Amino acid sequence: MVLLHVLFEHAAGYALFAVKEVEEIGMLLPQVEASVLSLGKFNSMVSLAAFFPFKSAQAALENMNAISEGMVHADLKLFLETNLPQSGKKKSVLGVSDAKIGAALQEELSSSIQTGGVVAEITRGLRLHFHSLVKGLTALAASKAQLGLGHSYSRAKVKFNVNRVDNMIIQSIALLDQLDKDINTFSMRVREWYGYHFPELIKIVSDNSMYCRLAQLIGNRKELSEESLESLEEVVMDSAKAQAILDASRSSMGMDISPIDLINIERFSSRVVSLAAYRLELQEYLRSKMSQVAPNLAALIGEVVGARLISHAGSLTNLAKYPASTVQILGAEKALFRALKTRGNTPKYGLIFHSTFIGRAAAKNKGRISRYLANKCTIASRIDCFSELPTSVFGDKLREQVEERLSFYETGDVPRKNVDVMKEALKEATDVAAEIKRKLEKKEKKRKKREKKLQELGENGEANGDAEVENGEEDKKKKKKKQAAEEMEAQAEEAPSGENGEETSAKKKKKRKAESEEVEEAPDAEDGAEETETPAKKKKKRKSEAMDTQPEETPETPVTEKKKKKKKKDAAE
C-alpha cells in the first residue's frame, strides 16, 4: 500500500501532510470538488504530519528563492529527511505541486515523487484551509506573512544596477521622437504666422530652429537696419544670407502687424527655440545613458538607432534574446506580414536601415550588409546585456568588421577572420576591465579613508569637548583654592602682627579700593570711547578724580602720627 505525503510551501514555513483517503477516480466530479471546500470533510482527508516554521523573514526569502529556481534548500532537505518515512511496510510517495522542484527533490532524496492529479486537488484544499490545519496560526498572521514575503521576494527580483537601467533609454528615445514631431509642427506654425509680416524670410532661411530665432530677433521688419547686421550674422552664420535678409526686409510685400501680435509671435518662437535647445540636451543625455547601458551597441550602430532597437524590443534583455533574423526586420513588421499575406518579397531591413552602413552600400548589396549588420548587432547586445563591466571594445571591433565587409563588397579585399578579431577584442577588454577595476578600488579606498577621517574628527571633537569641560572645572577649582589660600595667609598675617597688622590691613583695604576704582573706571573709559568725549570734558574728569582721591589720603597722616606717639610712650614706660 502506498502512503501519500504532500509537501506544502507557505510563507510561514514548510508543512508535510499525510493523506488519509482520497477519491482518485471521481476526482473531477462536482461533489468531490465541493468536499475540498468544506473544512470538516477536508480535515478527514488529510492530517498534519510535521511543520517547520521559518526562523526569520530572511530565511523565508532564501527558501522561496531556492524553490522558485527549482533548487532544494538545506532547510527543506533536513525537514524532509527528518519527517518523511523512508522505510517500513508502506511505501511513501511525496506529492509536490511544482514539477521542477519535484525533479530536484527526486535527485536529492532518491524517493518517488508525484505531481499533478490528486496532489493538485489536495494542494488547492491546503491553500484554502492551511491556517486552520496548523495550530497557533491565524488567518491574519498567515496573510501578513504572505504579504511580507511577497514584497521582499519582489524587491529581490527587481534589484538592478541603477546606472544600467534601459527604461530611461526607452523613455528618452520616445520623448526625442515626440519632440522632433512637435518642434517641426510648431516651426511650421511660426513660419505661417510670421510669414504674413515677412514672407520673403521663408525662402532665404530653410532651417526651422534658425527661422524661429530670426523671427524672435527681427520682430518688426521695418526696424531692421545696418546696425542689426552683426546680430543677424551671429544667428545665420553667413554674411551673404544676413545681407539678403536685410535687403528683403526693405522691399518686403508683407502686411503690417500690430505690436501685440508681434509680442505673441516672439513669445511662441522663443518657446520653440527653448524646445529645440532642450532636444539637444536630451540627445546628449541619451548618448551618455547609451554609453553606460549598451556601449558596444552604441559604438557599432550609433546611439539613436541602438536606443530605437532597445525601445522596440522592450528591453535590452529582450533584444539580446532575439535572433539576428528578427533584429534585421525589427520595425518592419507591417511590411513583413503584408509580404507573407500577398506572397511578395519580404523586407530586407527594419530600424537598422537608419544606420550609415546600409546607406553607403550599393543597391545589390543592401540586403547582404543588413543581414551582416543584424548579426553583429545581436552579438553586441548580448555582450552589453550579460557583461559585468561595460566597455565599448567589442563594439569598436565589430564596427571595424562591418567596415571591412563593406570594402570587400566594393573592392574585393578579403576581411579578417572573426576568430582573430575576437581574440584581439578579448585581450583589449581584459586590459580595460582591469583598469576599470583598479580605478573602482581606488575610489573605494578614498571613500573609506574619508569615512575614517570623519569618524576620527567626530571622536576628537567629543574628546576635546569633554577635555574643555574638565579643564574649565579644574580652573574653577584652582581659583577657589587660590582664594582660600589668600584668605588663610591674610588671617595668619593679621594674628601675630598686632599693631603692624593694623597697618597691613589698612594697606590691603587701600589696595582693594584702588582695584575697585580701576574696575569702575574701565567701563567709564569704554563709554567715553564710544561717545568720543572732547578734551575739555576729559580734563574736568581728571580734576574730579583728583579731588576724590585727596580726601581719602589726608586722613591717613594723622593716624600714622598718633600710632608713632603711642609707640614712643610704650617704649618709655
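In this text the structure is predicted, and so the values were computed from the model without any measurement.

S.K.: It is not clear to me how the overall build of the chain should be interpreted in this structure. Could you clarify?
M.R.: Counting secondary structure elements, the chain contains 25 helices and 5 strands. Put simply, the chain has 573 residues, and 32% of those count as buried. For the chain, contacts bridging at least 24 residues in sequence account for 67% of all contacts bridging at least 6. A total of about 37100 Å² of accessible surface is found on the chain, and carbon and sulfur atoms cover 54% of it.

S.K.: Sorry if this is basic, but what is going on with a nonpolar patch on the surface here?
M.R.: Residues Trp-193, Tyr-196 and Met-255 make up a contiguous nonpolar surface patch of roughly 330 Å² in combined accessible area. With respect to the element layout, Tyr-196 can be found in the loop between α8 (167-195) and α9 (200-204). A relative accessible area of 48% means that Tyr-196 is categorised as partly exposed.

S.K.: What is the right way to look at helix α13 (residues 259-293) in this model?
M.R.: Counting along an α-helix, one turn takes 3.6 residues, and residues three or four places apart therefore face a common direction. Over its 35 residues, α13 extends 51 Å from the first C-alpha to the last, a length consistent with the 51 Å expected when each residue adds 1.5 Å. Listed as buried for α13 are Leu-262, Ile-265, Ser-269, Val-272, Ala-276, Arg-279, Leu-282, Leu-286, Lys-289, Met-290 and Val-293. Residues of α13 that are buried in the fold lie against α8, α10 (208-218), α14 (295-301), α15 (303-313), α16 (316-321) and α20 (366-386).

S.K.: How do you make sense of the nonpolar core when you look at a structure like this?
M.R.: Where a protein is soluble and globular, its nonpolar side chains tend to be buried together. Ranked by internal contacts, the top residues of the largest apolar core, which has 48 residues, are Met-290, Leu-297, Leu-300, Ile-301, Ile-310, Leu-319 and Leu-373. For this core, the leading source of residues is α20, giving 7 residues. When residues no more than four places from it in sequence are discounted, the contact partners of Met-290 are Ile-169, Pro-295, Ala-298, Glu-303, Gly-306, Ala-307 and Ile-310. If you look at the next biggest cluster of nonpolar residues, it comprises 24 residues, including Cys-212, Ala-215, Val-236 and Ile-257.

S.K.: Can you walk me through the packing of aromatic side chains in this structure?
M.R.: For any pair of aromatic rings, the description consists of the separation of the ring centres together with the inter-plane angle of the planes. By the definition in use, this model includes 13 aromatic pairs. Geometrically, the ring pair formed by Tyr-14 and Phe-54 is edge-to-face, given 5.2 Å between the ring centres and 75° between the ring planes. On the criterion of sequence distance, the pair formed by Tyr-14 in strand β2 (residues 13-19) and Phe-54 in the loop between β3 (46-53) and α3 (57-68) is long-range, its members being 40 residues apart. The class for Phe-54 is buried, based on a relative accessible area of 12%.

S.K.: Help me out: how do you make sense of the side chain of His-5 in this one?
M.R.: Here His-5 lies in strand β1 (residues 2-9). Looking at His-5, the relative accessible area reads 4%, which means it is buried. Discounting residues that sit within four places of it in the chain, His-5 has contacts with Leu-16, Phe-17, Ala-18, Ala-49, Leu-84, Pro-85, Ser-92, Val-93, Leu-94 and Gly-95.

S.K.: Whenever I open this one, the pattern of salt bridges confuses me. Can you help?
M.R.: As a working rule, side chains carrying opposite charge can pair if their charged atoms are close by. Within the structure shown, the criterion is met by 18 salt bridges. As a salt-bridge pair, Asp-256 and Lys-222 come within 2.7 Å of each other at their nearest N and O atoms. Of the two residues, Asp-256 sits in the loop between α12 (239-250) and α13 while Lys-222 sits in the loop between α10 and α11 (229-236), which places them 34 residues apart along the sequence. Between Arg-287 and Glu-284 there is a salt bridge, with the nearest N and O atoms lying 2.9 Å from each other. Taken together, the residues Arg-287 and Glu-284, both in helix α13 and 3 residues apart, mark about one turn of the helix. In this structure Arg-287 comes out as partly exposed when scored by relative accessible area, which is 33%. Residue Glu-284 is classed as partly exposed on the basis of its relative accessible area, which comes to 47%.

S.K.: Help me understand the pairing of strand β4 (residues 91-95), please; the structure alone is not making it clear to me.
M.R.: Where a strand is regular, its side chains alternate between the two sheet faces. With 4 of its 5 residues buried, β4 lies for the most part within the structure. Of the pairings in the sheet, the one linking β4 to strand β5 (residues 113-114) comprises 2 bridges and is parallel in character. Each residue of the ladder has a partner; that of Leu-94, found in β5, is Ile-113. Taken together, β4, helix α5 (residues 99-109) and β5 form a β-α-β motif whose crossover is right-handed.

S.K.: I keep staring at a positive patch on the surface and nothing clicks. Help me out?
M.R.: On the surface, Lys-439, Lys-442, Lys-443, Lys-445, Lys-446, Lys-449, Arg-450 and Lys-453 cluster together into a patch of positive charge. Take Lys-442: it is sitting in helix α22 (residues 418-497). The exposure class assigned to Lys-442 is partly exposed, which follows from its relative accessible area of 48%.

S.K.: It is not clear to me how a negative patch on the surface should be interpreted in this structure. Could you clarify?
M.R.: On the surface, Glu-230, Glu-233, Glu-234 and Asp-238 cluster together to form a negatively charged patch. Structurally, Glu-230 is set in helix α11. You can call Glu-230 exposed: its relative accessible area is 61%.

What counts as what
Residues numbered from 1 in each chain as written. Predicted model: local features only at pLDDT ≥ 70, side-chain atom pairs only at ≥ 80, totals over all residues. Heavy atoms only, no water. Helix = DSSP H or I, 4+ residues; strand = E, 2+ residues; numbered from the N terminus. Buried < 20%, exposed > 50% of the residue type's maximum accessible area, 1.4 Å probe, protein only. Contact = heavy atoms within 4.5 Å. Areas by Shrake-Rupley, 256 points an atom, 1.4 Å probe, with all protein chains shown as cover. Patch = residues over 30% accessible without salt bridge, like charges linked within 9 Å, V, L, I, M, F, W, Y side chains within 5 Å. Salt bridge = Lys/Arg side-chain N within 4 Å of Asp/Glu carboxyl O. Expected span 1.5 Å × (residues − 1). Core = buried A, V, L, I, M, F, W, Y, C linked by side-chain atoms within 4.5 Å. Phe/Tyr/Trp six-rings, centres within 6.5 Å; stacked < 30°, edge-to-face > 60°. Pairing = 2+ DSSP bridges. Right-handed = clockwise from strand over helix to strand, strands pointing away. Lys, Arg positive; Asp, Glu negative; His and termini not counted. Charge placed at Lys NZ, Arg CZ, Asp CG, Glu CD.

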